[in-house]
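# Close look at the chain arrangement
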Amino acid sequence: MKELKKIDKKSLTKIVSLFCGIAGFLFVFLAALFVAINIILQKDFVGSALAVTMLNLGISLLLAVFLSFVFAGVGWIIGWLSGIVYNAYAARYGGIKMELIDIETKNEVENKVEVK
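Notes on the structure in this doc start here. (Residues numbered from 1 in each chain as written. Predicted model: local features only at pLDDT ≥ 70, side-chain atom pairs only at ≥ 80, totals over all residues. Heavy atoms only, no water.)

## Description of the overall build of the chain
Which entries qualify depends on this criterion: Every helix listed is a DSSP run of H or I at least four residues long, and every strand listed is a run of E at least two residues long, numbered separately from the N terminus. Residue exposure (1.4 Å probe, protein chains only): buried if accessible area is under 20% of the type maximum, exposed if over 50%, otherwise partly exposed. Whether two residues touch is decided by their heavy atoms; if any such pair falls within 4.5 Å, the residues are in contact.
Looking only at helices and strands, the chain features three helices and two strands. What you see in the chain, going N to C, is helices and strands ordered as β-α-α-β-α. Here the chain holds 116 residues, and the buried ones make up 19% of them. Of the contacts formed within the chain by residues at least 6 apart in sequence, a portion of 81% connects residues at least 24 apart.

## So, the environment of Phe29
Inspection of the secondary structure puts Phe29 in helix H1 (residues 9-41). Classification of Phe29 by relative accessible area gives partly exposed; the value is 30%. Sequence spacing of Phe29 and Ala64 is 35 residues, and the spatial spacing of their C-alpha atoms is 5.9 Å. Sequence-distant contacts of Phe29, that is, excluding residues within four places in its chain, are made with Leu61 and Ala64.

## Some points on the pattern of salt bridges
Using the following cut-off: One speaks of a salt bridge when a side-chain nitrogen belonging to Lys or Arg is within 4 Å of a carboxyl oxygen belonging to Asp or Glu.
One pass over the structure, following the stated rule, counts one salt bridge. The shortest N-O distance in the salt bridge between Glu3 and Lys5 comes to 3.7 Å. The exposure class of Glu3 is partly exposed, given its relative accessible area of 32%.

## Some remarks on a nonpolar patch on the surface
Note the cut-off: Residues with no salt bridge and a relative accessible area higher than 30% make up the patches, which join like charges within 9 Å and nonpolar side chains (Val, Leu, Ile, Met, Phe, Trp, Tyr) within 5 Å. Only the protein chains shown count as covering a residue, and every accessible area follows the Shrake-Rupley method with a 1.4 Å probe.
Nonpolar side chains collect at one region of the surface, where Leu18, Ile22, Leu26, Leu30, Leu33, Phe34, Ile37, Ile40 and Leu41 lie side by side and expose about 870 Å² of accessible area between them. Counting through the fold element by element, Phe34 comes out in helix H1. In this structure Phe34 comes out as exposed when scored by relative accessible area, which is 58%.

## Thoughts on H1
Test applied: By this rule, a helix spans an expected 1.5 Å times one less than how many residues it contains.
Taking 1.5 Å of rise per residue, 33 residues should cover 48 Å, and H1 covers 47 Å from first to last C-alpha, within 8% of that figure. Restricting attention to buried positions, one finds in H1 the residues Thr13, Ser17, Gly21, Gly24, Val28, Ala32, Ala36 and Ile39.

## Quick look at the environment of Ile84
Take Ile84: it is sitting in helix H2 (residues 49-93). C-alpha separation for the pair Ile84 and Lys6, spaced 78 residues apart in sequence, amounts to 9.3 Å.

Listed below in structure tokens is the structure:
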């Protein structure tokens with residue numbers, strides 16, 4: 001049984017901000033895609049649906065790129081705070097206990113000699 005006593009805040013912030021940035025980009029882009037589909041499917045739309053859809057997707061793509069950086073920044077803050085809270089809690093009450101096993105690689109298995 002092993003115990004996770006401390007988390008490196010810098011590595012945690014990198015991972016959390018990456019996931020939040022990707023999630024932010026996908027969220028905004030999918031929302032824009034649904035709006036574009038809604039515009040195209042409207043029967044009483046006045047004007048060029050294609051022009052409005054292309055403008056919507058262009059602006060949404062720029063917004064998605066901008067907001068992905070905002071989401072990544074928020075993720076960085078969340079990761080940093082989570083690292084601080086976990087490290088303080090683990091120092092006082094103990095960390096997460098895990099049972100870890102070694103996984104043999106294919107080469108190690110092939111190099112073993114069977115004894116009969």
